[in-house]
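A look at the structure
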Amino acid sequence: MGYAFCVMDVYSAAKRSEVMSRVRSKDTGPELLVRRTAHALGFRYVLHSKKLPGHPDLVFPSRRKVIFVHGCFWHQHQGCPHAAPPRSRQEYWLPKLQANRERDSNNLVRLKDLGWKVLLLWECELRDSKALKRRLNSFLKSGSKS
Ligand SMILES: [Zn+2]
């Protein structure tokens, strides 16, 4: 990811510990929620496959499907209030966020070229647990015989 490193010199010392704790909690936040939900629905996955473009958060090898759980800010969720760039240092943030978006869309194209189906989940969409279950079920079951 590399985000932790570029963030560090931007934030004040006070803000730094907060950012650090968010970085550390990577595996206890939204991704864990999606993993737990998928698991509870009976789907088995592998984690962060390093071989695949963009290192998807959940990989379902036998179904040839992957799921990304995207933070609205870093991955620039279109039209989402959580995606607004900071007002200060825009000359720093705007190109960086734009580069993130381009990297994401390149990864999606590469995954599709390799025959993978991709579901993008945005952090802000995860609060509705029923909707999340519905989306996981319909994405993971589509095209399978069982
Ligand atoms: Zn969002």
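Here we summarise the structure given alongside this text. (Residues numbered from 1 in each chain as written. Predicted model: local features only at pLDDT ≥ 70, side-chain atom pairs only at ≥ 80, totals over all residues. Heavy atoms only, no water.)

**A word on unusual backbone geometry**
Phi is positive for H55, which is not a glycine, with a value near 50 degrees. Relative to the helices and strands, H55 resides in the loop between β1 (46-47) and β2 (58-60). Judged by relative accessible area, which is 36%, H55 ranks as partly exposed. Phi at R89 is positive, roughly 55 degrees, even though this residue is not glycine. Position of R89 among the secondary structure elements: in the loop between β3 (65-70) and α4 (90-113). (Helix = DSSP H or I, 4+ residues; strand = E, 2+ residues; numbered from the N terminus. Buried < 20%, exposed > 50% of the residue type's maximum accessible area, 1.4 Å probe, protein only.)

**Notes on the coordination of the zinc ion**
For the zinc ion, the full set of protein donor atoms is C72 (SG), H77 (ND1), C80 (SG) and C124 (SG), and the range of their distances to it is 2.1 to 2.4 Å. Around the zinc ion sit 4 donor atoms; with metal-centred angles ranging over 101 to 117 degrees, the donor geometry is tetrahedral. Linear spacing of the donor residues for the zinc ion on their chain is C-x4-H-x2-C-x43-C. One exposure class covers both C72 and C80, and it is buried. (Donors = N, O, S within 2.8 Å, 3.2 Å for Na, K, Ca; no water. Tetrahedral: all angles 85-135°; square planar, octahedral: opposite > 155°, others 65-115°.)

**With respect to helix α5 (residues 129-141)**
A rise of 1.5 Å per residue sets the reference length of α5, with its 13 residues, at 18 Å; its end C-alpha atoms lie 18 Å apart and thus fit the reference within 8%. Turning to α5, its buried residues number three or more, namely A131, L132, L136, F139 and L140. For α5, the buried positions fall inside an angular range of 145 degrees around the axis, keeping them on one side. Away from the buried face of α5 by more than 90 degrees, exposed residues K130 and R134 are located. A side-chain oxygen of the first residue of α5 lies 3.3 Å from the backbone nitrogen of K130; this N-cap is D128. Once α5 ends, the next one or two residues include G143, with phi positive near 80 degrees. (Expected span 1.5 Å × (residues − 1). Arc of directions from axis to C-beta. Polar contact = N/O pair within 3.5 Å; in protein donor to acceptor, adjacent residues only side chain to side chain.)

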